[in-house]
Amino acid sequence: MKVALSDYGARIVSILVPDKNGNTVDVVLGFDHIDKYVHANEIYHGATIGRFANRIANGEFTINNESFKIEPNNGPNALHGGKSGFHNRVWSRRVNISQQVEFYLVSPDGEEGFPGNLTVVIEYTLTEENELIIRYRAHTDKDTIVNLTNHAFFNLNGEGRELVDNHQIYIDADYYLPVDQTQIPTGEKRPCKGSAFDFTDFKALNERLSTPDDQVEKAGGFDHNFVLKNQKGNQLEKPVAKVFSPLTGIQLEVFTDQPGIQLYTGNALKENDIGKSGRAYEKHSAFCLETQGFPDAPNQPSFPSCFLKPKEVFESETRYHFKVLK
C-alpha cells in the first residue's frame, strides 16, 4: 500500500492498494498536477475540511450571545468552512518518519468570519496493517466552533473506472439526519430501518439509490449524516462503516471516534474534471465517508457539541483500513 499527500489542502492525492489479483489500484479520485486541483470543478478532492465541515444554516451561529456570519457558498448556507476554507490553504509540512507526515496551519481570528486564532495539526500515518490513520488536533484562544474531516472521494473499482453502483456498503447506524431543501438537518433523527438509508447489513449502493425515497431524490443520491452507534469509549475498536467492491475484492473499513459519518455519493460530479486516469469524473463515480460532528451543530442544541474553548484541545482520529477479500 502507498499513499501520496499534498500540502495544498493537507490532502490525500492517491491511495494505492492491491486488488484480489495482485494488481495495484488507485482507489482515490484526484489529479496528476497541482494546477488541476487549484482549478478543479470539484474543489474538495482528498482535502482536509475546516474550520467547520458540512453546512451551517445561513452561515450564521451564536457564541456567548454574540452573532457570527460566514459568507454563504452553498445556496443560502456556508459549506466546509466557507469560500476560503482549509481545502485551499497551503499547510506547513513536517515529515517525521517515512510513514508519517504532519501538516500544520494557523487560521487567524476572523478568517471567514470564525472567531479565535485556531491552530490545527493533521497527522497522517501509514501502518504495516494497511491502515491510513488521520489524527486531528486543534486549539483556540477564543471560544469558537470546530468540525474537521477529510473529503477523499473513493472508488474501490479504481479511480476513473466505472461507477460505484456495484459497491456494497455497511454503516453501523440505526438513525440518520433528514434534511430540508437546502441540505440542512431538520433536527429529526429518523430510523434507517425499512428505508433507503438502511445499511445495517451490506447493501449494494445501486439497490439503495433506486429505492424510492424523497430524501435521496432531494439530494440526487446520498448526502446525509448517519448517527453512529456505540461512540462512548470503544469507538476505534470496531469499524463504523465498511465498503466492498466485488470487482476488485478490495474492502475499506472506517474507524472513528466522531459521532457522525456523512455518506456522499458524488452527486455533484458532472464530467467537468478529468482525473489521473484520463477519464472524466461523472455522477456517482465515487463515494465519500466523512467522519465528523453533525451538520449545523452550532444551531441545533440537541446535536453533539462542536464548541471549543481556550485551554481545551480538539482531538479526533479516523482510520481507513484496506483489505482484500477473495
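Anything mentioned here points back to the structure above.
Residues numbered from 1 in each chain as written. Predicted model: local features only at pLDDT ≥ 70, side-chain atom pairs only at ≥ 80, totals over all residues. Heavy atoms only, no water.

### Observations regarding the nonpolar core
- Grouped together as the largest cluster of nonpolar side chains are 54 residues, with contacts concentrated most on V27, F154, I171, F226 and F322.
- Excluding residues within four positions of it along the chain, F154 makes contact with I15, V27, V28, L29, V164, L252, A286, F287, Y320 and F322. (Core = buried A, V, L, I, M, F, W, Y, C linked by side-chain atoms within 4.5 Å. Buried < 20%, exposed > 50% of the residue type's maximum accessible area, 1.4 Å probe, protein only. Contact = heavy atoms within 4.5 Å.)

### Thoughts on the sheet that holds strand β19 (residues 223-228)
- The strand order across the open sheet built from five strands is β17-β16-β19-β22-β23, with neighbouring strands paired in antiparallel fashion. Looking at strand neighbours, the two that pair on one side only are β17 (190-191) and β23 (288-292), the edges of this open sheet.
- Both strand β16 (residues 173-176) and β19 contribute to a ladder of three bridges, which runs antiparallel. Pairing of Y175 across the sheet is with V227, part of β19. (Pairing = 2+ DSSP bridges. Helix = DSSP H or I, 4+ residues; strand = E, 2+ residues; numbered from the N terminus.)

### Details of unusual backbone geometry
- A cis geometry characterises the amide bond from G50 onward to R51, with omega recorded as 5 degrees.
- For R51, the location among the structural elements is in the loop between β4 (48-49) and β5 (55-56).
- Phi is positive for E162, which is not a glycine, with a value near 65 degrees.
- Note that E162 resides in the loop between β14 (149-150) and β15 (168-171).

### A look at the sheet that holds strand β2 (residues 11-18)
- Taken together, three strands build an open sheet; the order of strands is β1-β2-β3 and the sheet is antiparallel. The open sheet has two edge strands with one neighbour each: β1 (2-6) and β3 (24-26). Averaged over all adjacent pairs, the angle separating strand axes in this sheet is 15 degrees, with direction ignored.
- Of the pairings in the sheet, the one linking β1 to β2 comprises five bridges and is antiparallel in character. Residue pairing in the sheet places K2 in a bridge with L16 of β2. (Axes fitted to C-alpha atoms, helices over the stretch in contact; angles between N-to-C directions.)

### Overview of the side chain of E253
- Mapped onto the fold, E253 is located in strand β21 (residues 250-256).
- A polar contact is formed between the side chain of E253 and the side chain of Q251, at a distance of 3.3 Å.
- Every residue in contact with E253, bar those within four places of it in the chain, is listed here: P239, A241, K242, R319, Y320, H321 and K323. (Polar contact = N/O pair within 3.5 Å; in protein donor to acceptor, adjacent residues only side chain to side chain.)

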